[in-house]
Amino acid sequence: MIHIARFPVPWMVAILIAAGCADLAGRACPQCADCVPCAAPARAAAARYEPTPYAAIPGWQGAALAPGLRAFVAGCPWIAPASALRRACDAARAVAAEDERAARRFLEDVFSAWAVLSPQGADRGLVTGYYEPILAGSRTRTDRYRHPVYGAPEDLVAVDLESLQPELKHLRLRGRIEGRRLVPYWSRAEIEARGAELRAPILAWVEDPVELFFLQIQGSGQIALASGERLRLGYADQNGHPYRSLGRHLVERGELTLEQASMQGIKAWAAANPGKLRQALEVNASYVFLRELPATEATPGIAEGPLGTLGAPLSAGFSLAVDPRATPLGAPVFLATTWPLSTQPLERLMAAQDSGGAIRGALRADFYWGTGSEAGAVAGRMRQQGRMWILWPRGEALPSP
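Cut-off values and rules
- Residues numbered from 1 in each chain as written.
- Predicted model: local features only at pLDDT ≥ 70, side-chain atom pairs only at ≥ 80, totals over all residues.
- Heavy atoms only, no water.
- Pairing = 2+ DSSP bridges.
- Helix = DSSP H or I, 4+ residues; strand = E, 2+ residues; numbered from the N terminus.
- Axes fitted to C-alpha atoms, helices over the stretch in contact; angles between N-to-C directions.
- Contact = heavy atoms within 4.5 Å.
- Buried < 20%, exposed > 50% of the residue type's maximum accessible area, 1.4 Å probe, protein only.
- Parallel < 35°, antiparallel > 145°, perpendicular 65-115°, else oblique.
- Left-handed = near helix turned anticlockwise from the far one by under 90°.
- Nonpolar A, V, L, I, M, F, W, Y, C, P; charged D, E, K, R; others polar.

Here 6 strands make up an open sheet; going across it, the order is β5-β9-β4-β10-β11-β12 and the pairing mixed. Taken across any chain shown, the strands that pair with only one partner, and hence form the sheet edges, are β5 (147-150) and β12 (288-292). Averaged over all adjacent pairs, the angle separating strand axes in this sheet is 50°, with direction ignored. Of the pairings in the sheet, the one linking β5 to strand β9 (residues 202-206) comprises 4 bridges and is antiparallel in character. Residue pairing in the sheet places Tyr150 in a bridge with Ile202 of β9. The strands touched by helix α6 (residues 209-218) are β4 (134-138), β5, β9, β10 (221-224), β11 (230-238) and β12; relative to β5, the strand with the most contacts, the crossing angle is about 15°.

Attention now goes to unusual backbone geometry. A positive phi angle is found at Leu341, which is not glycine, with a value near 55°. Mapped onto the elements, Leu341 comes out in the loop between β14 (332-338) and β15 (345-354). A relative accessible area of 68% means that Leu341 is categorised as exposed.

The next thing to look at is the packing of helix α2 (residues 66-74) against helix α3 (residues 84-92). Between α2 and α3, the least distance of the axes is 10 Å, while the angle of their chain directions is 120°. When the interaxial angle is binned, α2 and α3 end up oblique. In terms of crossing hand, the pair formed by α2 and α3 is left-handed. Between α2, through Leu69, Phe72 and Val73, and α3, the contact on the second element is made entirely by Leu85, Cys89 and Ala92. In terms of residue class, the contact of α2 with α3 is made up of 6 nonpolar, no polar and no charged.

Limitation: the analysis is restricted to geometry and does not speak to function.
Now the structure itself:
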């Protein structure tokens, strides 16, 4: 996410170009004895890629691959029709859904594996977890439900910088018009203070500001109404301010230890310190606006997962949020990490189907655990080191970001 400074747009674009341009580079094709023609990834230096034989990927030989392949296939309708990855989709649909041997044979025959490295060559990075929360709420304000869930404001302006400079793909300016200037949009503290003056629709009202805060961080969720109806919400937009971790802030202030700074630890601290809560929340100036998903995107029984950035419903345990500057959305990704609060290996094939404001860097990933409190309990404790391998059609170059 880009914090909008008080500069004219062309000045900001010049700054971003100077900071963001990089040369493209490629590497040799893995397993070239059976890889014809040979093509290396062509991507900007947001990451490096190393060809890797499947036998050298930790956990590959023992992993169940069919569930991850099904997650990949579920995202295929949202992958660009002309891409090499979409052509692989057509073949993947023919693989028997439950046939593990067929899934493994298909993946190893059709895809090459590329280890994802940082530009400096590191091969490990942070893997966190996220989930879809369910909050009790109401369509109208009541004594119990007093905290608004905002949709995208009418006066929020977004500028896709790719339209100005192709090198700035995936970057967007956000702000509001003041006179003839584009200025930063309101911060979290300013949004809360404006109240009824904020030009944004209210989708629902909830009870707990901390639960709402985490709903915004997750980027999607459900509101359980007294009628039994479920209101499903998805990401709509963001105010353009950079994300700042509440847990890190509380650790820096000595309110929590590093071990306590999980989602559960933060909620416990909030319950014990109501007088400090608002100021702590406002440290994160970033604010996420949500949208109500229409009936066509939310099945009657809420059977599907929330929608990821790719556009596809997420698969619990098999969808991954990544930085799309380094990992193409839609691609199969093999992840080697450990279970939360454990050294037990967690090695599985997943699909890169989502992104997030805090998911920045080649080796940064967020593991989608599912819906509800049980998924939240696992997701909130996940802060592991992990390695990633992109699976890409043999002989094809990764698309430039």
